[in-house]
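Coordinates in review
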Amino acid sequence: MARCVTSAALPTDLTADAVAFCPFEGLEHLLVCGCYQLLSEEDPPRRVGELLLIDASDPSSLRTLQRFHGPGVLDCQWVPGTPAGWRLLATASSEGGAHVYRLDGGELRDEGLAVCAGAGWCMALDGVAHSGGAPQLALGGTAGTVHVCAVRADEVCVERWWQAHELECWAVGWACHPDLPMQLYTGADDGVLKTWDVRCDASEGAAAVAANRKGHSAGVCCISPSPLRSERVATGSYDERVRLWDSRLLRQPLEEMSCGGGVWRLKWHPTRSELLLAACMHAGFCVISSPCDGGMHVVAEYTAHGTGAALAYGADWSHATTSAQGGLAAATASFYDKLLHTWELCGL
């Protein structure tokens, strides 16, 4: 089994639940960490959060560059493929909205907020920049809704929304397959994985393409289409299993495996098409190999956060080709113990 070696750790003031490395050339040393905290001692209880921009250029230390206070940050993602100079970051908030930032000269600048009316909490976020159009953000809400927002030069606005699920929508993901333009996957607490086509009139929300109601025995926590193997989509579930699907046919998974804990986040490596980083809540973090010829298996476990009390929630790979030490760099964020770690995967 490969080795995971901790590089640095950063305590966070609030509980850390999401992390994303910057994918833009020359800025791969930057990452963001989203945090959320329920202040239950206040009357009424108040939900707060913060977003941290962090410099990880020194492998042995993490330096906070900026700190934004506001509602709880439940997901965050850089939006790849955006027009030159945009370098967009988006967050999903506990107040039901998408907050957009632009990275300019190594600093984040606030570009505005789109309120997703009726969404409840926005639990999941995925962004895409389609050729010739404005970047689009899909957000899943606790009311079972999906909102699609457009990011334009002068505003961030909701373009369409629809009732996608009966229970909380925890997962969204834009298809990466070239034959599936404007197709969106969603998953929810109802255990249903769905596919939608958003090329219809905005007033109609989206057209249902397919639904799998039997493939998961508990809620669908995350959906991760592969950017390098466009015919593959991975899902994680509260039933503690990772499943691999053919993006064009969701009738049944191609294969699945148990991870020992609810799989809250899955991230494909940006250059190693077979590697998946999994945040498995009470069971911690692991790296899964998914060879083209099948046979998913765990190749490494990252246990420095501990298991049980600390919930493994946030995870992402660095977009740098290799770390300074020659390994594959990653970052993980754990709930309750308020820690962000950077580490290296060595021996693969």
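Residues numbered from 1 in each chain as written. Predicted model: local features only at pLDDT ≥ 70, side-chain atom pairs only at ≥ 80, totals over all residues. Heavy atoms only, no water.

Some details on the pairing of strand S15 (residues 183-188)
Most of S15 sits out of view: 6 of its 6 residues are buried. Alternating residues of S15 divide into Gln 183, Tyr 185 and Gly 187 and Leu 184, Thr 186 and Ala 188, and every residue in both groups is buried. Relative to S15, strand S14 (residues 169-174) is paired through 5 bridges, and the arrangement is antiparallel. Within S15, the position partnered with Val 172 by the bridge is Thr 186. Bridging between S15 and strand S16 (residues 193-197) involves 5 bridges; their strand directions are antiparallel. Across the sheet, the residue bridging to Leu 184 is Trp 196, located in S16. Hairpin connection of S15 to S16: 4 residues between the antiparallel strands, including Gly 191 at a positive phi of 75 degrees. (Buried < 20%, exposed > 50% of the residue type's maximum accessible area, 1.4 Å probe, protein only. Helix = DSSP H or I, 4+ residues; strand = E, 2+ residues; numbered from the N terminus. Pairing = 2+ DSSP bridges.)

A look at the UniProt feature "repeat: WD" (unreviewed entry) in the chain
Following the UniProt record, one finds the feature "repeat: WD" (unreviewed entry) at residues 213-246. Across residues 213-246, helical content stands at 0% and strand content at 53%; the span's end C-alpha atoms are separated by 16 Å. (UniProt positions renumbered as here; feature names shortened; annotations may be inferred.)

So, the pattern of salt bridges
Under the counting rule described, the total for this entry stands at 15 salt bridges. With a shortest N-O distance of 3.1 Å, Asp 75 and Arg 265 are connected by a salt bridge. Taken together, the residues Asp 75 in strand S6 (residues 73-79) and Arg 265 in strand S22 (residues 265-268) connect sequence positions 190 residues apart. Comparing Asp 75 with Arg 265, the two get one shared label, buried. The residue Glu 256 makes a salt bridge to Arg 243 at a minimum N-O spacing of 3.5 Å. (Salt bridge = Lys/Arg side-chain N within 4 Å of Asp/Glu carboxyl O.)

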